[in-house]
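Structural overview
What follows is each chain in one-letter form.
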2 protein chains.
Amino acid sequence: METEIKDISRLTPKEIQALIRKGKWDKPTAGLALGYAQANLVILPERYAFDFLLFCQRNPKPCPLLEVLEKGVFEPKEMATGADIRTDLPRYRIYKKGSYVKEVEDISEYWASDMVSFLLGCSYSFEFALMEAGIPIRHIEEGKTVPMYISGIPCKKAGGFEGPLVVTMRPIPPDKVVRAVQITTRFSAVHGAPVHVGDPLKIGIRDLGKPDLGDPVRIGPDEVPVYWACGVTPQMALMKNKPDLVITHSPGHLFITDIRNEDLATF
Amino acid sequence: METEIKDISRLTPKEIQALIRKGKWDKPTAGLALGYAQANLVILPERYAFDFLLFCQRNPKPCPLLEVLEKGVFEPKEMATGADIRTDLPRYRIYKKGSYVKEVEDISEYWASDMVSFLLGCSYSFEFALMEAGIPIRHIEEGKTVPMYISGIPCKKAGGFEGPLVVTMRPIPPDKVVRAVQITTRFSAVHGAPVHVGDPLKIGIRDLGKPDLGDPVRIGPDEVPVYWACGVTPQMALMKNKPDLVITHSPGHLFITDIRNEDLATF
């Protein structure tokens, strides 16, 4: 696999989608097709689709919709013409009634004609933009998973979907905070501007050293913790509602789109 | 009514909502509660709601959602707590199977528990921002309705909803075009940035002197026609799909929200 790992970082999104479809890549997608947007995936039976779409509409920062596929459609025409979301992600997770069932590399056998699929923007896109601007991303420097915290801010409820806003935190040097806000403001399709800057207690986080998910990272003496809405938010709302069936990407194993991060900027 | 007309321009949104609810104001809402956002209204039976919500999600410039009310809900909690969208607009239009049926001042008798209501942003909000910045709005100067054109740009289809993008045109002095783009970019909740600047033929408009709706306006020799997505777009898509029942605001008779235009700015 070593040669493939070397090769894959140079491949285009289309080539990576094909490789994954053939079962030749089942590992995380971080660092692949740099500059192209990666997407979280949520698949639900039609009867839950309106409420979940409404949940995303009401909570656009944690649930930034890149594309919603109609009932039974598995080709994401806007994000990647010709791709198949049933086979082109490296790993998927199946949940029934809010409980994890199993991880699979292909969901064709779970697919049904009433499935509605949602592709959601992810923070890789705005992190790419921050790094391009010379703003360091601590968890990447430390080779860790971004620290995530269940905040005290409730999402806006929609039908059976509700839950707390989950946030990621990145320590930013004080002279770069304004620039970090400006840069991510342009990327509302991928979580957008921060939800909070500074004191964690103000959003109900007691201890930055103990994230609810991911790894703690070092915060320098002058650095300011900056918080962005996190894609785990809709995952938690989904689990809480216990739908009969939900299929999602496996954490870190995302869908690689044909769309450049920069083309997702809203201005 | 003359005294009421004088009074109403000074009233708050809550006061105007109450006046309309009591049947004391059935005229257009332009110029009322200046600085506060006004909203277009679309009400559909539940069976059309997912597709229409998806149409709005896919076409956010012509269909900027301010609030979507769940099935059977008539209080727009985000936009105006305590208001009732069945009584608090001056005039409504009832359509059955795509055909106009009648205009009414109260839709209580048409209301059913499966109704889903959509409040959409309108251009009054960004026009207010343009005027605050000293950018003249020609149709307002001339006391006319904004000229609207059916462009050659198709909307993205969603279920049974499809149709052309309808645009409004405002002639802008050449030294104000950039500023007009910047200002309206901030207001993505109310149509946002222009869809086109300059040559009408490039978006399939043959004659600016003959708008498809509204009135023609004078375009000065140096002025640049600037085009914004228009709320008539979803109306046309609705009529084309011929749902059993659609209720909308009557043109110009909008819902006055409690939210300031400035609070709708996305940055």
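Refer to the structure above for everything that follows.
A brief report on the enclosed structure follows. (Residues numbered from 1 in each chain as written. Chains lettered and ligands numbered in written order. Predicted model: local features only at pLDDT ≥ 70, side-chain atom pairs only at ≥ 80, totals over all residues. Heavy atoms only, no water.)

What to know about the side chain of B:Asn261
The following threshold applies: In DSSP terms, a helix is any run of H or I states spanning at least four residues, a strand is any run of E spanning at least two, and both are numbered starting from the N terminus. Contacts described as polar in this section are N or O atom pairs within 3.5 Å, which, within protein, must combine one atom able to donate a hydrogen with one able to accept it, while residues neighboring in sequence count only if both atoms come from side chains.
Its location among the elements puts B:Asn261 in the segment after β11 (255–260). Reaching out from B:Asn261, the side chain makes a polar contact with the backbone nitrogen of B:Ala37 at a distance of 3.4 Å.

Side note on the relation of the copies chain B and chain A
Definition in use: We superpose the copies by least squares over the C-alpha atoms of residues that have a pLDDT of at least 70 in both of them. Contact criterion: two residues are considered in contact whenever any of their non-hydrogen atoms come within 4.5 Å of each other.
Laying chain B over chain A is done by rotating through 180 degrees and shifting 0.0 Å along the axis; what remains is an RMSD of 0.0 Å. Put plainly, the chains are arranged around a two-fold axis. Within chain B, the C-alpha atom positioned nearest to the axis of rotation is that of B:Phe50, 2.6 Å from it. The residues that chain B uses at the interface reappear at the interface of chain A in 100% of cases, marking a shared surface.

Here's the deal with the interface of chain B and chain A
Put simply, the rule is: Simply put, the buried area is the total loss of 1.4 Å probe accessible area from both parts when two parts are fitted together. Basic side-chain nitrogens of Lys or Arg form a salt bridge, by our definition, when they fall within 4 Å of a carboxyl oxygen of Asp or Glu. Note on residue classes: Ala, Val, Leu, Ile, Met, Phe, Trp, Tyr, Cys and Pro are nonpolar, Asp, Glu, Lys and Arg are charged, and everything else, Gly too, is polar.
Across the boundary between the two partners, chain B contributes 18 residues, which contact 18 residues of chain A. Between chain B and chain A, roughly 1500 Å² of surface is buried when both sides are summed, and carbon and sulfur atoms account for 63% of that area. If you sort the residues of chain B by the area they bury against chain A, B:Phe50, B:Gln57 and B:Glu70 come out on top, with a joint share of 37%. For A:Arg58, the salt bridge is made with B:Glu70, and the minimal N-O distance between the two is 2.8 Å. Inspection of the region where chain B meets chain A yields eight residue pairs in polar contact (both at pLDDT 80 or more). Element by element, the count of residues in the side of chain B that touches chain A is highest for helix α3 (residues 49–58) of chain B, at six residues. Residues of the side of chain B that touches chain A, tallied by class, amount to ten nonpolar, three polar and five charged.

Re the packing of helix α3 (residues 46–58) of chain A against helix α7 (residues 232–241) of chain A
Residue and element names in this part refer to chain A. Which entries qualify depends on this criterion: Here an axis means a line fitted to C-alpha atoms, over the contact stretch when the element is a helix, while the angle between two N-to-C directions is reported on a 0 to 180 degree scale. Crossings are classed by handedness, with left-handed meaning an anticlockwise turn of the near helix from the far one by less than a right angle and right-handed meaning a clockwise turn.
Look at α3 against α7: their axes get within 12 Å of each other, and the N-to-C directions meet at 145 degrees. For the pair α3 and α7, the crossing hand works out as right-handed. Here α3 contributes Tyr48, Phe52 and Phe55 to the contact with α7, which in turn contributes Pro234, Ala237, Leu238 and Asn241.

Examining the pairing of strand β5 (residues 115–121) of chain A
All names here are of chain A. What counts here: Whether a residue is buried, partly exposed or exposed follows from its accessible area with a 1.4 Å probe, protein chains only, as a fraction of its type maximum: under 20%, in between, or over 50%, in that order. In short, DSSP must find at least two bridges between two strands for them to pair.
Of all seven residues making up β5, seven are buried, and the element is well covered by its neighbours. Two elements, strand β1 (residues 36–45) and β5, share seven bridges in a ladder whose sense is antiparallel. Counterpart to Leu41 in the pairing with β5 is Leu119. For strand β2 (residues 65–69) and β5, the ladder comprises four bridges, and the chain directions are antiparallel.

Side note on the packing of aromatic side chains
Two aromatic rings are characterised by how far apart their centres lie and by the angle between their planes. Put simply, the test is: Planes of paired rings set the category: under 30 degrees apart is stacked, over 60 is edge-to-face and the rest tilted, where pairs are Phe, Tyr or Trp rings (Trp by its six-membered ring) whose centres lie within 6.5 Å. Placement of a charge over a ring requires the Lys NZ or Arg CZ to be within 6 Å of the ring centre, with the centre-to-atom vector within 35 degrees of the ring normal.
Scanning all chains against the criterion turns up 13 aromatic pairs over all chains. Taken together, a centroid distance of 5.9 Å and an interplanar angle of 65 degrees make the contact between A:Tyr95 and A:Tyr100 edge-to-face. Residue A:Tyr100 is classed as partly exposed on the basis of its relative accessible area, which comes to 45%. Members of the aromatic cluster, each reached through a chain of ring pairs, are A:Phe52, A:Phe55, A:Phe118 and A:Phe161. One Lys or Arg, A:Arg86, reaches over the ring of A:Phe74 and ends 3.5 Å from the middle of that ring. Across from the ring centre of B:Trp111, 5.9 Å away, lies the NZ or CZ of B:Arg86, which sits over that ring.

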